[in-house]
Amino acid sequence: MQQGDIELQVFRPDHIEGAVVLSRQEDWPHRAQDWRMALQLSSGAVALDDQGRVTGTILVTPYGTDCAMINMVIVDRNARGKGLGRRLMDQAFVLAQDRPLRLVATVDGMPLYEKLGFVPSGTILQHQGSVAKLGAPDGVEAAGAADLPQIKALDRDAYGADRAALIDALAERGQFAVIRRNGIEAYAAIRPFGRGEVIGPVIAGSIEEAKALIGFFAASRPGAFLRVDTGSGSGIAGWLEDIGLAHVGGGVAMDRPPKSVAEQARPKVYALANQALG
């Protein structure tokens, strides 16, 4: 397959079927519904071969004007090593405009991202499996629509960017849990994803709060297939394994430009929305 035979186009909903085929080639669990959510929140590009087949994808998810997440970067195995990944990234830079960029890299993708100015900022651990039977934690309650403004404000303080559109999309598809004292002090979300459900984001002030939020959802789903993506420094990876969510992979968080010391000191983000959406 020659680069001259590949055309980049705007990623449209009618490309999702081909994108699912491509992600399954990589053993990613994303269903068509998961791609639709990602595209709802993003702009992107697809690479099409001379027969109209999707051979590459990339999405850029803006969080207000604060930053953008590059995700769903896939190049067909038969088209690798010919510069298509670089072409997709160049298109992502155009779509992101002047926003600082974040992504989660695979080992294979890191050399390209480093050439493009991305700097590692952490390791992401993917945990998943059939969750053990747990008792319901104290101090956690289900959230309602009236809580969304406080959840959005807490999320922005923790993540350092305006993810209101993501919160709204999660509310359309899933559930929220909160720890409430003087207002909402911690929250988590769960939604259908891949083989089961994914828990994240989890925004909390301590490891124990993060465990309680995750435990709230897990306790009502004994034996269910759950996924949690967490940072290696979060302190909850061992506990996730204890409750049946094995470490099955992950990636490297990268930023362009690097985060400042102040950004790195923000309250803990204990779990991502998922590895692809950040």
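Calculation rules
- Residues numbered from 1 in each chain as written.
- Predicted model: local features only at pLDDT ≥ 70, side-chain atom pairs only at ≥ 80, totals over all residues.
- Heavy atoms only, no water.
- Helix = DSSP H or I, 4+ residues; strand = E, 2+ residues; numbered from the N terminus.
- Rg over C-alpha atoms; globule rule 2.2 N^0.38 Å.
- Buried < 20%, exposed > 50% of the residue type's maximum accessible area, 1.4 Å probe, protein only.
- Contact = heavy atoms within 4.5 Å.
- Areas by Shrake-Rupley, 256 points an atom, 1.4 Å probe, with all protein chains shown as cover.
- Pairing = 2+ DSSP bridges.
- Right-handed = clockwise from strand over helix to strand, strands pointing away.
- Axes fitted to C-alpha atoms, helices over the stretch in contact; angles between N-to-C directions.
- Left-handed = near helix turned anticlockwise from the far one by under 90°.
- Nonpolar A, V, L, I, M, F, W, Y, C, P; charged D, E, K, R; others polar.
- Phe/Tyr/Trp six-rings, centres within 6.5 Å; stacked < 30°, edge-to-face > 60°.
- pLDDT = per-residue confidence, 0-100.

The next point concerns the overall build of the protein chain. When helices and strands are tallied, the protein chain shows nine helices and 13 strands. For the protein chain, whose C-alpha radius of gyration is 19 Å, the value lies close to the compact-globule estimate of 19 Å for 278 residues. Counting every position in the protein chain, which comprises 278 residues, the buried fraction comes to 50%. For the protein chain, long-range pairs separated by at least 24 residues make up 73% of all intrachain contacts whose partners lie at least 6 apart in sequence. Carbon together with sulfur atoms contributes 49% to the accessible area of the protein chain, which is approximately 12,300 Å² in total.

Across the nine residues that make up strand β4 (residues 67–75), a large majority, eight, are buried. In this structure, strand β3 (residues 54–63) lies alongside β4, joined through seven bridges in antiparallel fashion. Among the inter-strand pairings, Tyr63 is bridged to a residue of β4, identified as Cys67. Here β3 hands over to β4 after three residues, with Gly64 in that stretch at a positive phi of 60°. With three bridges connecting them, β4 and strand β5 (residues 101–105) associate as parallel partners. By the bridge assignment, Ala68 is partnered in β5 with Leu101. For the crossover from β4 across helix α3 (residues 84–96) to β5, the handedness is right-handed.

It is worth spelling out the packing of helix α1 (residues 16–25) against helix α2 (residues 32–40) at this point. The relative placement of two packed helices is expressed as an angle between their axes plus a distance between the axes. Relative to each other, α1 and α2 sit at 115°, their axes nearing to 9 Å. In this structure, the crossing between α1 and α2 has a hand that is right-handed. Residue-level contacts link Ile16, Ala19, Val20 and Ser23 of α1 to Ala32, Trp35, Arg36 and Leu39 of α2. Its residues placed into classes, the contact of α1 with α2 shows six nonpolar, one polar and one charged.

For α2, the full list of buried residues reads Asp34, Trp35, Met37, Ala38 and Leu39. Buried residues in α2 make contact with α1, β3, β4, α6 (164–173) and β9 (183–193).

Looking now at the packing of aromatic side chains. The final tally for this structure, using the stated rule, is six aromatic pairs. Seen from their ring centres, Tyr63 and Tyr159 are 5.6 Å apart, and the 90° between their planes marks the pair as edge-to-face. With Tyr63 in strand β3 and Tyr159 in helix α5 (residues 148–159), this residue pair connects regions lying 96 residues apart in the sequence. In terms of burial, Tyr63 and Tyr159 fall into one category: buried. Ring centres of Tyr113 and Phe118 lie 6.0 Å apart, and the angle between their planes is 70°; on these two criteria the pair is classed as edge-to-face.

A separate point is the confidence of the model for the protein chain. Residues at a pLDDT of 70 or more form 93% of the protein chain, whose mean pLDDT is 92. Mean pLDDT per element in the protein chain: helix α9 (residues 261–264) is the minimum at 54, and strand β7 (residues 141–142) is the maximum at 98.

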